[in-house]
Amino acid sequence: MSDNLNRSYVGPALLGLALTGATGLCLYLLLRKEDDWEEEGQGGVTSRQVAIDVKIPKDSVGIVIGRQGSNIREIQAKTDTRINFKDELETEEFRVACIRGLPDDAQMAEILIHQTISQQPRVETLTMYVPGRAVGRIIGKGGENVREIQRVSRCKIDIER
């Protein structure tokens, strides 16, 4: 008798466990984060994408972008990232570039941006005032002294008259 009693409870207990497991699986799939779905669609990539914001001085933005976007496209191609400028974070001195990609790729893109900026020559302006009587001697005959100074120093000299 007890054997029949045990059998009568086994069926419903197994059914209850199966329904609980199925319900749990359904809840998991419904509540699963959207990022997990996207990650799965990328062929099993284990790292998640990150976003890095980089402040770029306004006078260097043109250098980073390059003619018709060539520099920024090259950095994106080398690092497999996307780089966009965030206008809402712009200040008087800086623009903010947002780099999106895998952590190592985004970090490499940031390094390449900083290298692009640091490799550009700095232009400095110096204004000198000289007495009017010395201007002729500085310019030289036909401007030869000024041309020689420009050649040797690799600087541009403007003389106001």
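Residues numbered from 1 in each chain as written. Predicted model: local features only at pLDDT ≥ 70, side-chain atom pairs only at ≥ 80, totals over all residues. Heavy atoms only, no water.

(A) Spatial organisation of the overall build of the protein. Within the protein, the secondary structure is distributed over seven helices and three strands. The proportion of buried residues among the 161 residues of the protein is 17%. Sequence-distant contacts, at least 24 apart, represent 58% of the contacts inside the protein between residues at least 6 apart. Accessible surface computed for the protein: about 13200 Å², of which carbon and sulfur atoms make up 54%. (Helix = DSSP H or I, 4+ residues; strand = E, 2+ residues; numbered from the N terminus. Buried < 20%, exposed > 50% of the residue type's maximum accessible area, 1.4 Å probe, protein only. Contact = heavy atoms within 4.5 Å. Areas by Shrake-Rupley, 256 points an atom, 1.4 Å probe, with all protein chains shown as cover.)

(B) Spotlight on the environment of Phe-85. Inspection of the secondary structure assignment puts Phe-85 in strand β2 (residues 82-86). Phe-85 sits twelve residues away from Ala-97 along the chain, and the two C-alpha atoms are 4.3 Å apart. Residue contacts for Phe-85: discarding those within four places in its chain leaves Ile-56, Val-61, Ile-65, Ile-72, Arg-95, Val-96 and Ala-97.

(C) View of a nonpolar patch on the surface. A contiguous nonpolar surface patch, about 570 Å² in accessible area, is contributed by Leu-126, Met-128, Val-130, Ile-138, Ile-149 and Ile-159. Counting through the fold element by element, Ile-138 comes out in helix α6 (residues 132-139). (Patch = residues over 30% accessible without salt bridge, like charges linked within 9 Å, V, L, I, M, F, W, Y side chains within 5 Å. Salt bridge = Lys/Arg side-chain N within 4 Å of Asp/Glu carboxyl O.)

(D) Fine view of the nonpolar core. With 14 residues, the main nonpolar core has Ile-56, Val-64, Ile-75, Ile-83, Ile-99 and Ile-113 as its most contacted residues. Listing elements by their share of this core, those giving two or more residues are β1 (50-57), α3 (61-65), α4 (70-79), β3 (94-101) and α5 (103-118). For this core, the leading source of residues is α5, giving five residues. Setting aside anything within four residues of it in sequence, one finds Val-64 in contact with Ile-56, Asn-71, Ile-72, Ile-113, Thr-116 and Ile-117. (Core = buried A, V, L, I, M, F, W, Y, C linked by side-chain atoms within 4.5 Å.)

(E) Up close: the packing of aromatic side chains. Within the structure shown, the criterion is met by zero aromatic pairs. Its end group placed over the ring of Phe-94, Lys-55 keeps NZ or CZ at 5.3 Å from the ring centre. A cation sits over an aromatic face here: Arg-95 above Phe-85, 4.7 Å from the ring centre. (Phe/Tyr/Trp six-rings, centres within 6.5 Å; stacked < 30°, edge-to-face > 60°. Lys NZ or Arg CZ within 6 Å of the ring centre and 35° of its normal.)

(F) Spatial organisation of the pattern of salt bridges. Per the stated rule, a full pass over the model turns up seven salt bridges. Note that Glu-148 is salt-bridged to Arg-151, the shortest N-O span being 2.7 Å. Residue Glu-148 and its partner Arg-151 are located together in helix α7 (residues 144-153), separated by three residues, close to a single helical turn. Residue classification places Arg-151 among the exposed positions, given a relative accessible area of 56%. The partner of Lys-156 in a salt bridge is Asp-158, and the shortest N-O contact between them spans 3.1 Å. As far as burial versus exposure is concerned, Lys-156 and Asp-158 are alike and both exposed. One connected set of salt bridges, linked through shared partners, spans Lys-58, Asp-87, Glu-90 and Arg-95.

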